[in-house]
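Residue-level structure breakdown
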Amino acid sequence: MPKALDDLRVVDLTRVIAGPFATSLLGDLGARIIKVELPGRGDDGRYGYPAVEGVPVAFLALNRNKKGITLDVRKPQGAALLRRLVREADVLVENFAAGTMDKWGLGYAALAEINPRLIYAALSGFGQTGPYKDRTSYDIIAQAIGGLMAITGLPDGPPMRGGGSLGDFIGGVFTAVGILGALHFRERTGKGQMVDVSNMDVIFSLLDNWPTVHATTGRVPQRTGNRHPFTAPYDCFEAQDGFVVIGVGNSLLFRDLMTAMGMPELGRDPRFKSAPARLERHDEVNRLVAEWVKSKTIDQVLQILGPQGANVPCAPVMTVDRLLSDPQIKAREMVVELSHKLLGHIPVTGVPFKLSASPASIDRLGPELGQHNDEIYREWLGLSESELQALRGKGVI
């Protein structure tokens, strides 16, 4: 079955998390991704997570659906080979510090002369412009300077980073979106362009509309833990055997919740009748719900509040080990088993968007270092075995 992007070639110079995730999304949609790594070492992402019997399983999962070559673009012969690859490519993606590719003579302006239809995507901590563009960045830097940490955490605690590498993965999503937009524009006009993504910009865009709210009202968001700033109850509560969340987004749901809890009179009580009233008494509201949840198991809470009961939004706080066997995750094919020559099979997360006519898929694990050198250099560039041997001897590939 055809895939949405199976006619595209992508040269992937990205490393670690954000950039590789962006290109993996394109690969899931069928694009032919050529991952370029430094000879002898490769992507730092190969070494940052626990390995299993020496196998970098997280790297292989993140860099799924890619073929891999080695190439030192800092060397003149390596830069020349990259230019030849670019002639055959639709997209190039990199996440070096701003200006790095320009220093090597491989920036957008130089490569666009070779291939005017090229989509050149650059993801960095602060983008290619502005007073911060030369700063270095990681996920925690972006979350801090972009404003997310200031609104994350308990009211009486320090700012908190969002779990996992949230900023990096979201940066990858925005990069992929930008590339898809540029590709559609090229389809209409024939023109390539640069896609400049800043992780600070990405995080700033996710601040739950607080920039607009502050600019128009003067309010500054405060850390509220798991609570919602504009409604209650909307929090995490401890049951007898774990944690559940309950989200009440309107007064009708609050009445349904109180009825399910055996306190229907509180649903009509003027002290709790409106969202502003409940917010004003959120400690009291949360205490009532917390005491009720504490007397129940997770399953009891879900049975009473779930679709067969009051239909109040609620869920258990799931852990990764439980999610791997969760029936909804299985039904949505969100765990895919991929074969590996040493470990047998490695489970990876599936594709979160389902296309009916051109379904995305995850077909293979990420490449070993330089695994496809012979195939790509011969297929794309027509290099001979003697030329490849000479390049290996010079440390170019």
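Below is a summary of the structure that appears in this document.

What follows is about the pattern of salt bridges. Per the counting criterion, the structure on display carries 20 salt bridges. With a shortest N-O distance of 3.6 Å, arginine 9 and glutamate 379 are connected by a salt bridge. Residue arginine 9 is located in strand β1 (residues 9–12), and its partner glutamate 379 is located in helix α17 (residues 373–379); the two are separated by 370 residues in the primary sequence. Among the residues examined, glutamate 379 registers a relative accessible area of 47% and is labelled partly exposed. Between arginine 41 and aspartate 44 there is a salt bridge, with the nearest N and O atoms lying 3.0 Å from each other. You can call arginine 41 partly exposed: its relative accessible area is 41%. One network of salt bridges, with partners in common, ties together Asp374, Arg378, Glu385 and Arg392.

Bringing the pairing of strand β5 (residues 119–124) into the picture now. Here β5 lies mainly inside the structure; 6 of its 6 residues are buried. Neither face of β5 is exposed, since Ile119, Ala121 and Leu123 on one face and Tyr120, Ala122 and Ser124 on the opposite face are all buried. Sheet topology places strand β4 (residues 91–94) next to β5; 4 bridges connect them, and they run parallel. What sits directly across from valine 93, in β5, is alanine 121. Looking at chain direction, β5 and strand β6 (residues 193–198) are connected through 6 bridges and run parallel. By the bridge assignment, serine 124 is partnered in β6 with serine 198.

In this chain, alanine 232 is followed by proline 233 through a cis amide linkage whose omega measures -5°. Relative to the elements of secondary structure, proline 233 occurs in the loop between α9 (210–217) and β7 (234–239). Positive phi, close to 70°, is recorded for valine 16, a residue that is not glycine. Even without a glycine there, the phi angle at asparagine 65 is positive, about 60°. Residue position: asparagine 65 is located in the loop between α2 (57–62) and β3 (66–70).

It is worth spelling out the nonpolar core at this point. In terms of nonpolar packing, the biggest core is built from 36 residues, with Val10, Leu26, Ala31, Val91, Ile179, Ile346 and Val348 touching the most fellow members. Put simply, the parts of the chain that give this core at least two residues each are α1 (18–28), α2, β4, β5, α7 (166–189), β6 and β11 (344–349). At 5 residues, the largest contribution of residues to this core is made by α2. In terms of nonpolar packing, the next biggest core, distinct from the first, is built from 30 residues, Ala122, Trp380, Leu383 and Leu388 among them.

Reading the values: the criteria
- Residues numbered from 1 in each chain as written.
- Predicted model: local features only at pLDDT ≥ 70, side-chain atom pairs only at ≥ 80, totals over all residues.
- Heavy atoms only, no water.
- Salt bridge = Lys/Arg side-chain N within 4 Å of Asp/Glu carboxyl O.
- Helix = DSSP H or I, 4+ residues; strand = E, 2+ residues; numbered from the N terminus.
- Buried < 20%, exposed > 50% of the residue type's maximum accessible area, 1.4 Å probe, protein only.
- Pairing = 2+ DSSP bridges.
- Core = buried A, V, L, I, M, F, W, Y, C linked by side-chain atoms within 4.5 Å.

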